[in-house]
Amino acid sequence: MTGWTTDHIPDQHGRVAVVTGANSGLGLVTATELASHGAHVVLAVRHTPAGEEAARRIGGDVEVRELDLASLSSVRTFAAKLAGDHPAIDLLVNNAGVVLLGPRRTSADGFELHLATNMLGHFVLTGLLLGNLAAARDGRVVSLSSITHKNAHLDFNDLMFEHDYRAATAYGRSKLATTIFGIELDRRLRAAGTPIVSALAHPGLTRTNLTPRAWEHRGRLGRLIASAGLLATQPVAQGALPQLHAATEPGVRGGQFFGPSGLWETRGRVTEARLSQEAADPAVGTRLWAAAADLTGVNYL
């Protein structure tokens, strides 16, 4: 695993890959590499003009489809059309995410926006595409975690963070929820005897457009903070390697979690990452799954 690069990606011809948030940052790098290695890549994006521009930059066998993960109606519409057009889907990369450090915001369905976008939307999307993933020879789901999950804690009495809201904490909780989801998905797939692999990855501290967007509510001061933060991050091409490894490396097992190897998992070569105790707890996984199913009306496995 040491020294893994995109040169290690096997031929992807004949595979259908779906990448959420594929028009920028980690998603754009991931989609570009998958397409350059021969995959048919579906760019699932909230703004289709940005997706079309990304498709022109990527080249290869790609298509653009609209998906707003903060709207369950959008997720259902996207999944229904995609499932009809692609009966077998080999890879789903649940990459899209938001970091919003301003006031509390809610989704179209009334959910706290970080949790809605980063976890609940992907929970529903994965469930609606599970049959298509099962129809592929080696179906795989990759969920994008964050090192922030390690210091986060879920409050099941206030999952929507309606009390004493703190944006940075909300983001960490959403990434913890995403991580728990990926691990619980693996448990349930194995229990059901389904060969789909659920793996996870995190990019460490990586230079993406999420950082400046997170601070845009603070005006000039926010721009200065974002610029300073970017100096401490690694290039996006390096940060995308863990999820590309999770998505393409033969022999990846369900439940494996990949991230950078250096400086407390903030940068460096790809290695197996460490889950927080809460993320690995089966009881927490069961409880979050039940909550997500109840909130979204979608249950599976």
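Look up a bit, the structure's there.
Residues numbered from 1 in each chain as written. Predicted model: local features only at pLDDT ≥ 70, side-chain atom pairs only at ≥ 80, totals over all residues. Heavy atoms only, no water.

### A word on the overall build of the protein
What counts, and what does not: The way it works is that DSSP assigns letters per residue, a run of H or I at least four long becomes a helix, a run of E at least two long becomes a strand, and they are numbered from the N terminus. We compute the radius of gyration over the C-alpha atoms and compare it with the globule rule, which gives 2.2 Å times the number of residues raised to the power 0.38. Here the term buried applies to any residue with accessible area under 20% of the maximum for its type, exposed to any over 50%, and partly exposed to those in between, with areas from a 1.4 Å probe on protein chains only. Note on contacts: a residue pair qualifies if any of its non-hydrogen atoms lie within 4.5 Å across the two residues. What sets the accessible areas is the Shrake-Rupley method with a 1.4 Å probe; for residues, cover comes only from the shown protein chains.
When helices and strands are counted, the protein shows 12 helices and eight strands. Over its C-alpha trace the protein gives a radius of gyration of 18 Å, about what one expects of a compact globule, namely 19 Å for 301 residues. Counting only C-alpha atoms, the protein reaches 50 × 40 × 35 Å along its principal axes. Counting the 301 residues in the protein, one finds 57% classified as buried. The contacts of the protein with a sequence gap of at least 6 include a subset with a gap of at least 24, amounting to 72%. Summing over all exposed atoms, the protein offers an accessible surface of approximately 12600 Å²; the carbon and sulfur share of this is 51%.

### Here we look at the packing of helix α3 (residues 72-85) against helix α4 (residues 113-128)
Between two packed helices, what matters for the description is the angle formed by their axes and the separation of those axes. Rules: Fitted lines through C-alpha atoms give the axes, limited to the stretch in contact for helices. The angle between two N-to-C directions lies from 0 to 180 degrees. Should an angle fall under 35 degrees it is called roughly parallel, over 145 degrees roughly antiparallel, and 65 to 115 degrees roughly perpendicular, with every other angle called oblique. For a crossing to be left-handed, the near helix must be turned anticlockwise from the far one by less than a right angle; the clockwise case is right-handed. Note on residue categories: nonpolar means Ala, Val, Leu, Ile, Met, Phe, Trp, Tyr, Cys or Pro, charged means Asp, Glu, Lys or Arg, and polar means any other residue, Gly included.
Two numbers describe how α3 lies on α4: the axes approach to 10 Å, and their chain directions differ by 25 degrees. Taken together, the axis directions place α3 and α4 in an arrangement best described as roughly parallel. Viewed along their axes, α3 and α4 form a crossing whose handedness is right-handed. Facing α3, whose interface residues are L72, V75, R76, F78 and A79, α4 presents G121, V124, L125 and L128. Considering only residue class, the contact of α3 with α4 consists of seven nonpolar, one polar and one charged.

### Quick notes on the side chain of Q234
The condition is simple: Identification of polar contacts relies on pairs of N or O atoms within 3.5 Å, with a donor-acceptor requirement for protein atoms, meaning one able to donate a hydrogen and the other able to accept it, and with residues adjacent in sequence counted only if both atoms are side-chain atoms.
Within the secondary structure layout, Q234 lies in the loop between α8 (219-230) and α9 (236-239). Reaching out from Q234, the side chain makes a polar contact with the backbone oxygen of P203 at a distance of 3.0 Å. A polar atom in the side chain of Q234 sits 3.2 Å from the backbone nitrogen of G268.

### Digging into α3
What counts, and what does not: Here a helix's expected span is defined as the number of its residues, less one, multiplied by 1.5 Å. Each direction from the helix axis to a C-beta atom contributes to the arc, which is the arc of those directions.
In this model α3 runs 20 Å from its N-terminal to its C-terminal C-alpha over 14 residues, within 8% of the 20 Å that 1.5 Å per residue would give. Residues L72, S74, V75, F78, A79 and L82 constitute the buried set of α3. For α3, the buried positions fall inside an angular range of 150 degrees around the axis, keeping them on one side. Seen from the buried face of α3, the exposed residues on the opposite side, beyond 90 degrees, are S73, A80, K81 and G84. Elements that come into contact with the buried residues of α3 comprise β1 (16-20), β2 (40-45), β3 (62-66), α4 and α12 (282-296).

### Details of unusual backbone geometry
Glycine aside, the phi torsion of most residues is negative, and most peptide linkages are trans. Residue F161 is not a glycine yet carries a positive backbone phi of 50 degrees. Residue position: F161 is located in the loop between β5 (140-144) and α6 (167-192). Judged by relative accessible area, F161 falls into the buried class, the value being 4%. If you check the backbone angles, L301 has positive phi at about 60 degrees while not being a glycine. Following the sequence through the fold, L301 ends up in the segment after α12.

### Comments concerning the pairing of strand β4 (residues 91-94)
Heads up, the condition is: Strand pairing is assigned whenever DSSP detects at least two bridges linking the two strands.
Both faces of β4 are covered, namely the face carrying L91 and V93 and the face carrying L92 and N94. Of the strand pairs in this sheet, β1 and β4 are connected by three bridges, and their pairing is parallel. Residue pairing in the sheet places V19 in a bridge with V93 of β4. Where β4 and β5 come together, four bridges link them in parallel fashion.

### Digging into the sheet that holds strand β6 (residues 197-201)
With mixed pairing, the eight strands of this open sheet are ordered in space as β3-β2-β1-β4-β5-β6-β7-β8. Each edge of the open sheet carries a strand with a single partner, namely β3 and β8 (267-272). Mean inter-strand twist for the sheet, computed between neighbouring axes without regard to direction, equals 20 degrees. Against the sheet, α3 makes contact with β1, β2 and β3, and its axis sits at roughly 150 degrees relative to β3, the strand it touches most.

### Here's the deal with the nonpolar core
Soluble, globular proteins show a tendency: their nonpolar side chains are buried together. For the record, the criterion: Note on terminology: a nonpolar core comprises buried Ala, Val, Leu, Ile, Met, Phe, Trp, Tyr and Cys residues joined through side-chain atoms within 4.5 Å.
In terms of nonpolar packing, the biggest core is built from 47 residues, with V18, F78, M119, F123, L125 and Y300 touching the most fellow members. Elements with a minimum of two residues in this core: β1, β2, α3, α4, α5 (130-135), α6 and α12. Examining the composition of this core, we find that seven residues originate from one element, α4, more than from any other. Aside from chain neighbours lying at most four places away, what touches V18 is V42, A44, F78, L82, I89, L91, L92 and V93.

### Overview of the packing of aromatic side chains
A ring pair, where both rings are aromatic, is described by two values, the distance of the centres and the angle of the planes. Quick note on the threshold: Note on ring pairs: Phe, Tyr and Trp rings are taken, using the six-membered ring of Trp, and paired if centres are within 6.5 Å. Classes follow the plane angle, with under 30 degrees stacked, over 60 edge-to-face and the rest tilted.
Under the criterion given, the structure shown has six aromatic pairs. Their ring planes at 75 degrees and their centres at 5.0 Å tell us that F123 and W289 sit as a pair that is edge-to-face. Of the two residues, F123 sits in helix α4 while W289 sits in helix α12, which places them 166 residues apart along the sequence. On the basis of relative accessible area, W289 is assigned to the buried category, the value being 3%.

### Overview of the packing of helix α1 (residues 25-36) against helix α2 (residues 48-58)
Two elements in contact, α1 and α2, have axes separated by 10 Å at closest approach and are oriented at 40 degrees. Overall, the two elements α1 and α2 adopt an arrangement that is oblique. In the crossing of α1 with α2, the sense of the turn from one axis to the other is right-handed. Counted together, L28, A31, T32 and A35 of α1 and A54, R57 and I58 of α2 form the full contact between these two elements.

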